[in-house]
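Now for the letters of each chain:
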Amino acid sequence: MRPALSRRSFFETTAGGFAGLALGQALAAEAADGQVIHHRPKAKRVIQLFMNGGVSQMDTFDHKPALDGLNGKKFDPGDGRLVESVTKSPGFKVLKSPFGFRQHGDCGRWVSDVLPHMASIVDDLAFLMSMNSPTNVHGLGSYMQNTGFTLPGFPCMGAWISYALGRINQNLPEFIVLPDPNGLPYNNHGNFTSGFLPAQHQGTVIDASDDQPVRYLFPPKEANHIHPASEAASREVLQALNARHMARTPGDSRLDARIRSLMMAARMQLSVPELFDLKSESPAVLKLYGADNKTTADFAKRCILGRRMLERGVRFIQIWSGAGGPSNNWDNHANIHSELPHMTRQVDQPITALIKDLKARGMLEDTLVVWTTEFGRMPFSQGQAGRDHNGGTFVTWLAGGGTQGGSSFGESDRWGWKSENGTTSHDMFATILHLLGIDHEKLTVRHNGIDRRLTDVHGHVVREIVA
Amino acid sequence: MSRCVVSQLLFLLLGLSCGSAIGGEKNADPWWAIQPLTRPELPKKNTQHPGWAEHPIDRFVAAMHTEKGLSPAPAADSQTFIRRATFNLTGLPPTPGEVEAFANDPSLEATKRLIDRLLASPRYGERWARHWMDVVHYAETHGHDEDAIRENAWPYRDWLIESFNNDKPYARFVREQIAGDVLFPEDPAATRGIGFLATGPWDESSQMGISDGTIDKKIAQYLDRDDMIATVMSTFVSTTVHCARCHDHKFDPVSLEDYYSLQAVFAGVDKVDRPFDADARLAKRRALLLSRQRTLGQGEVPEGMFTNADLAQLEAELKRSQADWAILSPAVVESSSGIEFEAKPDGSFLALGQAPEKDTTTFTAKLPISGVTALQLDVLTDESLPQNGPGRAENGNLHLTDFVVRVNGKAVNIDKAEADFNQSDWTIDRAIDTNPDSAWGIHPQEGQPHRALFVFEKPLAASKGDEIRIELHQLHGRKHLIGRPRLSLTNRENPDFNKPISIQISTILKTSREKRSKEQKHALAFYFAKAVNEREMASLGTQNKVYAVASQFTALGNFKPAQKPRAVHVLHRGSIHTPGKLARPGALSCVDGLESRFTIARAEAEEDRRAALAHWLTDDRNVLLWRSIVNRVWHYHFGRGIVGTPNDFGRMGDRPSHPELLDWLAYEFRARGGSLKWLHRTIMTSSVYRQQSAHNEVFAASDADNRWLWRMNRKRLDAESYRDSVLQLAGNMNWEMGGPSDRQFNMSKGVHVTPTLDYIGFDPDAPANHRRSVYRFVFRTIPDPLMQLMDCPDASQHAPRRESSVTALQALAMLNNRFLVRQSERLAKRLEREADSPIAQVNRLFRLVYHREPAPDESRLVSQLAREHGLANACRVVLNSNEFLFVN
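Everything quoted here is computed from the prediction, not taken from an experiment.

## A few points about the overall build of chain A
- When helices and strands are tallied, chain A shows 12 helices and 17 strands.
- A compact globule built from 467 residues should have a C-alpha radius of gyration of about 23 Å, and chain A, at 23 Å, falls within 12% of that.
- Its C-alpha atoms give chain A principal-axis dimensions of roughly 80 × 50 × 40 Å.
- Relative to its 467 residues, chain A shows a buried fraction of 61%.
- The long-range share in chain A, meaning contacts at least 24 apart out of those at least 6 apart in sequence, stands at 76%.

## A few points about the overall build of chain B
- When helices and strands are counted, chain B shows 28 helices and 20 strands.
- C-alpha atoms of chain B, sized along the principal axes, occupy 110 × 75 × 65 Å.
- By the burial criterion, 52% of the 888 residues in chain B qualify as buried.
- Taking as baseline every contact in chain B between residues at least 6 positions apart, the subset at least 24 positions apart corresponds to 73%.

## A word on the interface of chain B and chain A
- Contacts between the two partners involve 97 residues from chain B, matched on the other side by 90 residues from chain A.
- Among the elements that take part in the side of chain B that touches chain A, helix 23 (residues 808-816) of chain B stands out by supplying 7 residues, more than any other.
- Residues belonging to the side of chain B that touches chain A are distributed by class as follows: 38 nonpolar, 39 polar and 20 charged.

## Describing the pairing of strand 1 (residues 45-51) of chain A
All names here are of chain A.
- For strand 1, the buried fraction is high: 7 of the 7 residues fall into the buried class.
- Burial along strand 1 is two-sided: R45, I47, L49 and M51 facing one way and V46, Q48 and F50 facing the other are all buried.
- In the sheet, strand 1 pairs with strand 8 (residues 367-373) via 7 bridges, with the strands oriented parallel. By the bridge assignment for strand 8, M51 is matched with T373.
- Judged from the 6 bridges that link them, strand 1 and strand 7 (residues 316-321) form a sheet pairing that is parallel. Bridging from a neighbouring strand, L49 pairs with I319 of strand 7.

## Let's talk about the pairing of strand 7 of chain A
All names here are of chain A.
- In terms of burial, strand 7 is largely enclosed, as 6 of its 6 residues are buried.
- With burial as the criterion, each face of strand 7 is covered, one bearing F316, Q318 and W320 and the other bearing I317, I319 and S321.
- The pairing of strand 5 (residues 175-178) with strand 7 spans 4 bridges and is classified as parallel. Across the sheet, I176 pairs through a bridge with I317, a residue of strand 7.

## Quick word on the sheet that holds strand 11 (residues 450-456) of chain B
All names here are of chain B.
- Spatially, the 5 strands line up as an open sheet ordered 2-13-7-11-10, and their pairing is antiparallel. Where the open sheet ends on each side, the last strands, each with one partner, are strand 2 (326-327) and strand 10 (414-419).
- Alignment of strand 10 against strand 11, held across 5 bridges, turns out to be antiparallel. The partner of E418 across the bridge, within strand 11, is L453.

## Some words on the domain arrangement of chain B
- For chain B, the assigned domains are domain 1 (56-127 + 623-713), domain 2 (169-276 + 546-618), domain 3 (325-491) and domain 4 (818-887).
- A C-alpha centroid distance of 52 Å is found between domain 2 of chain B and domain 4 of chain B.

## Focus: the sheet that holds strand 9 (residues 410-411) of chain B
Residues and elements named next belong to chain B.
- Spatially, 5 strands are ordered 3-6-12-8-9 in an open sheet, and the strand pairing comes out antiparallel. On the outer flanks of this sheet lie strand 3 (332-335) and strand 9, each paired with one strand and no other.
- Two elements, strand 3 and strand 6 (residues 359-366), share 4 bridges in a ladder whose sense is antiparallel. Looking across to strand 6, one finds that V333 is bridged to F363.

## Comments concerning unusual backbone geometry
Residue and element names in this part refer to chain B.
- Between G389 and P390 the backbone carries a cis peptide bond, its omega angle lying at 5°.
- If you trace the backbone, P390 turns up in the loop between strand 7 (374-379) and strand 8 (402-407).
- Geometrically, the link from H443 to P444 is a cis peptide bond, its omega value of 5° lying close to zero.
- Tracing the backbone through its elements, the reader meets P444 in the loop between strand 10 and strand 11.
- For R573, which is not glycine, the phi torsion reads 55° and is therefore positive.

## Comments concerning helix 2 (residues 56-68) of chain B
Residues and elements named next belong to chain B.
- End to end, helix 2 covers 19 Å across 13 residues, agreeing with the expected 18 Å (1.5 Å per residue, within 8%).
- Among the structural elements, helix 18 (659-671) and helix 19 (676-684) are those in contact with the buried residues of helix 2.
- Positive backbone phi, at 70°, marks G69, one or two positions downstream of helix 2.

## Some words on the packing of helix 2 of chain B against helix 18 of chain B
All names here are of chain B.
- Here helix 2 crosses helix 18 at 165°, and the two axes come no closer than 9 Å. One element, helix 2, and the other, helix 18, form an angle in the roughly antiparallel class. In the crossing of helix 2 with helix 18, the sense of the turn from one axis to the other is right-handed. Residues P56, I57, F60 and V61 of helix 2 lie in contact with helix 18, whose contacting residues are E660, L661 and W664.
- Grouping the amino acids of the contact of helix 2 with helix 18 by side-chain chemistry returns 6 nonpolar, no polar and 1 charged.

## Brief notes about the environment of L380(B)
All names here are of chain B.
- Its location among the elements puts L380 in the loop between strand 7 and strand 8.
- When the C-alpha positions of L380 and F349 are compared, they lie 9.3 Å apart, and in sequence the two are 31 residues distant.
- When near neighbours in sequence (up to four residues on either side) are disregarded, L380 contacts S348, P390, P449, R484, R486 and I503.

## A short note on the confidence of the model for chain B
Residues and elements named next belong to chain B.
- Summarising the model, chain B shows a mean pLDDT of 90, and 95% of its residues fall at 70 or more.
- Within the model, the stretch residues 1-27 combines pLDDT values under 50 with 85 contacts to residues more than four positions away or in other chains.
- The ipTM, which scores confidence in the relative placement of chains, is 0.79 for this predicted complex, and the corresponding pTM is 0.81.

## Some points on the confidence of the model for chain A
- Mean pLDDT over chain A stands at 88; residues scoring 70 or higher make up 92%.
- Here residues 1-34 of chain A is a poorly scored stretch, pLDDT under 50, and it has 83 contacts once near neighbours within four places are set aside; other chains count.

## What about the environment of R844(B)?
- Within the fold, R844(B) resides in helix 25 (residues 838-849).
- Taking the C-alpha atoms as reference points, R844(B) and R818(B), separated by 26 residues in sequence, lie 24 Å from one another.

## Structural notes on helix 6 (residues 157-165) of chain A
Residues and elements named next belong to chain A.
- Most of helix 6 is tucked away: 9 of the 9 residues are buried.
- Residues of helix 6 that are buried include every one of M157, G158, A159, W160, I161, S162, Y163, A164 and L165, and no others.
- Remark: G166 follows helix 6 within two positions and exhibits a positive phi of approximately 70°.

Reading the values: rules and limits
Residues numbered from 1 in each chain as written. Chains lettered and ligands numbered in written order. Predicted model: local features only at pLDDT ≥ 70, side-chain atom pairs only at ≥ 80, totals over all residues. Helix = DSSP H or I, 4+ residues; strand = E, 2+ residues; numbered from the N terminus. Rg over C-alpha atoms; globule rule 2.2 N^0.38 Å. Buried ≥ 20, exposed ≤ 12 C-beta atoms within 10 Å, placed from the backbone. Contact = placed C-beta atoms within 7 Å. Nonpolar A, V, L, I, M, F, W, Y, C, P; charged D, E, K, R; others polar. Pairing = 2+ DSSP bridges. Domains from an automatic or database assignment. Expected span 1.5 Å × (residues − 1). Axes fitted to C-alpha atoms, helices over the stretch in contact; angles between N-to-C directions. Parallel < 35°, antiparallel > 145°, perpendicular 65-115°, else oblique. Left-handed = near helix turned anticlockwise from the far one by under 90°. pLDDT = per-residue confidence, 0-100.

See below:
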C-alpha cells in the first residue's frame, strides 16, 4: 500500500508533466491535511524533545533501590552473562544513584530530585519505562530513535509524518527542527533527513539564536539593489513571465505548483518574523517557561517557539537538548552527580511549562509531546562516578495527543541494566503513528526493492499507554 | 506487542525488512530480467507518421502507439531541441551562437553533428559522471556520527569523468570499478576505479573505536561489506541483493547463501586511502625499489644492486665529501654549570666529574676555514658515560634544547638541521626552533655515537681566523647532557646533506680497504644500498592516493587491515549469533550460464575474489548487466527508464514498458563493444527523442505518466545544472577540470570529529564557487542547504533517480541565496558590457537564458523593472522563472 505516493507522484518525478492530475488536486499535494489517515486520529501534531547523549534512566525516572546495597561491588548479573561496555568501565563497579527518589502524583511515579518540575506533572505523562536499542553507539543509536534503522540515509519520523499527513498551515514548513545552539546532534542533519522520501519532507532547521532563523527567508544583506519596492516589482514581473510561459505550455501542473510556491514563499516572509516575535507573550508565560532565567532561557525560548509553531499549524517539531561531542549534553561519562543536573536544570522547567501551557490552551488534547533520548546508561561506574552508554534500557515519555496520563508500560531488570519487559523505537513509532491515525504497517514507500516503513518489519502499538 | 529480548537485538541491528526481493515464482512467472538476451525482430514499418518508419527505436515505440491508440507528437523546433540535447549531454545551456547556427541548418546531418560535438565536449563526462555519482552515493566524508573528511575521494570522480569522455567500453568501465587494481597492471591509474567500492558511508566510531574481535566490531564489518555489495549489485545488475541478508525468500532467486557469497568476495578489504602510481613505468620502478627496501629491512644488501666498481665509485664520492670537514680544535670550552672537559686526540671533549642537571656548553675558537656553509656535531660514546653515553642521563640519552652559533658576536641563521637518528617527537629540528621546551634526543639508540648537521642559511661572510662561538643549550634537566661532543665545519658549496653519515661509516672509510673486516665491508655496502635506494625512492615522489579499498594499510586505532580475507559465515536470519557454514566467494545463482560460486586458486588473495566478480559481472551472458545500463541511460534522457526502477529489475520493481526495445538496445550495445556514446547517438537521433513535450489532453487521460512516449517529458533542471547554467550565463565559469573538490563553505573545528560548516556565510565571490558543480565537495551529514532544497539526494543512499520537488523553501532559496544573487549581478554586468540600451540588454538576456527574442510585452515588462530597480533585479527574476528552470 502506498496511497500517498500515487497522489503525490507528480512532485516526485523528474519526468515532465505527468499531467493526469487535475490542477487543483495537484496543488492539494502541498496543501492538504490528512492524506493517509487509516483511522480516526487523536493527535494532529507532534512536538518531540530529544535529549542528546543518552539520559541516565536510573538517575531520573527508573528508581533502582537494589543498586544501593551493591554500590562499589563488581556488577554481576549472574548466569555467566557477558557484561560489556563500549568504552572502558574498569572493574564494572556498581554505582548507586547519588540522587534522592520520591513518589509523585496520583500515579505514584518515582522521580529523582534532579527533575522537580517534571515530577509535578507525572499524572499527565505516559511512560515507556524500558525502551531498548540494539546499539550502544551514539550515531547508530540516534539513527535508531529517529529513523528506525541504525544505518544512515533513512527518513526520520518527522519526514514520514510530513509525508503521510501533509500540511496544516499555508505559510510555514511542516517539519521544523530546533537544534541546540551549541551545535548539531550526533549524525548532524542525518537525523532530520527525508532519506528517499521527497526533499520537501526534510526537517527545516531553524537556528533560534540567529537573527535570520529561517535560511534564505530574505535577500542577502549585501544586496543593496534589493529592497521592498524592488521585491514587489520583481515578484510581479516573475509572476507575469511565469503566467505567459504556462499559457504556452499548458497541462503541466508543476508549473502552476511552482507559481503557487512563490506565493507561499512571500507569505512565509510575513509569517516567520511574526512567529519569532515573542513580544506578544505575556510576562507570566515567559516566567512559567523560565525565559527570564539564564540557565533555562535558551530551552525556554525554543519551547515557547515550539508552542507558537504548534499554534500556527506546524505538523512536527523537534527540539534538541545538547549538541554532539563529549560534553555539554546528556552523555555523562565523567560524573553523573555534576553533569546530569547541569542538563536537567536547563530543560526541566521549560518542558514542564510547555505541557502546562498546552494544557491551559486546550491544545494538549490533540498535540502529542514526546520526550526521548538515544539510549540509557550503565548501572556500573566509569571513571569515578560517570556511566557508560547502555542500549539495554532507558526511559521515554509521551504526553497529550490521546495518551493516558499517569500510565506506564515496561520494566527493566532490578539493576536498570536491560529490559525485562520492554519496548523499542519501532513500538514508539507505531504508537505515535497510531495516535496520528496511521497504521504503521500501511505507511510504506518502495525504495530499492523494499517496501520501507518507519518501523522496519517491527513495531507494535503500546496500547497500555493509549487513552 | 513485541517484547524485544536481548538475544534479538543484534538481529534487529543487522536485520532489514526484506518484504520481497528480485524475481518471482520460478515456475509460474519466469522473471523477465534474466531471460536470455536475443536480438528482437523489429516491428513492421508503420508509414503513417513520417520519420517513424526507419529508426529501430521509433519502430518499437510506434508499434506500442498503434496498440494503445496513441500517436506521436510533432518534432520539436530547433531551439527546443538544442536546449534539450545540450542539457542532457552536458548539463549546460547552449550559447546564443550555437542556437543560431543550429537553427540555420534543419538537416538530420546537423542534428548528428550537434550530438557528436556535445559528446566530444569534456563537459559531457562531467555531466554523466555526476549522474553516476548519484547512483553510487558518492560523497567526500564518512557519514555516520564521526563524519570525517576523505581527502582522497576525488581521484575516483576524475576517473569517472575521464572514463565517460574517453567512451571507455562498458565492460572495462565495470571491471575497473571492481578490480581495477588487479586486472590492469599496464594501467595502474585504473586503481582509481575501485574508489567505487568505497563511495558509501563508513562508521568511524564503530570501526576505529571498538576493539577488534568484539561482536560490535564484527557487525560493523558485515554492515560495511553490505554497503559495498548493495552498491555493486544495484548499480551494475539492478538487483536488490541486500534483501537477502536475513533469509532467502521462498520464491526468490537470490538466496541467503548468494548474499553471503558476495560478502565473501569483499572479506579481505576495508575502506581506506590507497596509494597508486600514475603510470606503469613508475609503478614498476617503485615495485623494484620497494622490494629492495624490504631486503634492506632484513639487514641485507639487495642482490645485484652494485658491482664492485659501483661500490668503489660511491666510496670515492663519499670520501671526497667527507674530506672537506675541518675539526674545530683547539677551542675554549666553557660550561655554565662548571663542568670540566678533557680534550681528546680525536678533537672531541669529554665531560668529567659529576653531571649537573642542566648546562649550556660554549665552544669558542678561531675559524679554521673561510666561507663556512655548515656545522657538524658529533656526540660520541665513552666508557665513562652512563650506558657508554653518548648522553649523561641515566639511560645514556641527551637532550639538545637549542643549538646557537655566533660569529664575531652575531648570531648565524641556521636553515635546516639533519641527524642520523631522531628520537620520536624529539627531532633535530627542535634544536633550532628556539623553543627551550623542545629538544633533540636519541632514545632508544643510546650506546652508539650520533651525528647532527646544521646548514647555514648562507655561507659565513667571516674569514679564517675570525671568532666563532657555538652554544649547546641542554636545559631539559635530569642530566640530559652531551657527554663527549665534537664539532667540525665545512665550506662545501650546496652540500648534499640529506643525512649525515654515521661515525661508524666514517671509521670504516678511514680504514684501508684491505684491513676492513667482513662486517665492515657489509656495513659499508649496506650503507650505500640504503642511501641509494632511499634517494631513488625520494626521486619517484609520493604516490597518488584514492579513497578505495585495501587489505594492507597502516592501522588506525582499532581499525586494522584484514591482510587476508576474513572468515564470512552464512548468518541465519542475518544474526551474528547464529553463524552457519563458511561462505564461498560467489555471486547470484540465477543467471543462466554463469557459475554462482567462484573457483579461486589462491584462497588468501582477496584480489582474486574481486577479479572473479568483475569477470562474472561483465560476462556477455550476464544479461542483467547489459539491460541495466541501457535502461539507466534511457532514464536520464527521458526522465523515466523503460523500466521505471533503474536499480530494481525485481518482481517488485517496475516491469519494462517496451521489453523488446530494451532488449534490442542491450543486445546492440553489447555488440558494439559497450560504447555509451553510440547509445546516446542512437537514442537522440530517434524521432521519439526529438518529439515536442506538448500536452495532449486525450492521451493524458489514458496515459498520464506518458509511459508510451507520445511526447517528450519536460524536465526541471537538477540542482547542478541550475547552478552551472547560472555560472555560465553570468560569464563566471572556471572550466578547469579535476583535482581536489571545491569546499563551498567555511569550516571550523566542531565539538568532536565532525567539523562545523557554514554555507550561508561563505563568500559568494570565493573562487571555490566558480567551477562546475561536479567538483563541489559533498559533505554527507551536513549537506549544502541550497542544493538539498533543489533535490540533491541524501548521499548516504543510492539515488538511481532524482526527485523533483517544488516547495516554498526551495523558491526562497533560489531567490535569496547569496551566490545566486551575486551571479545575477554579474550577469547584469555582462549584459551592460555586451549591449548598450536597456531594450538591447533585455533582448540579450532573453537570448542567453531562453534562447529566443522577448515578446513585446515581455520586453516592456522586464526592461521597465531594469530601469526602475536595476538590471540585476531583472536578471534575478529571469533566473528564477519557470521557462529557465524547465527544459521542454
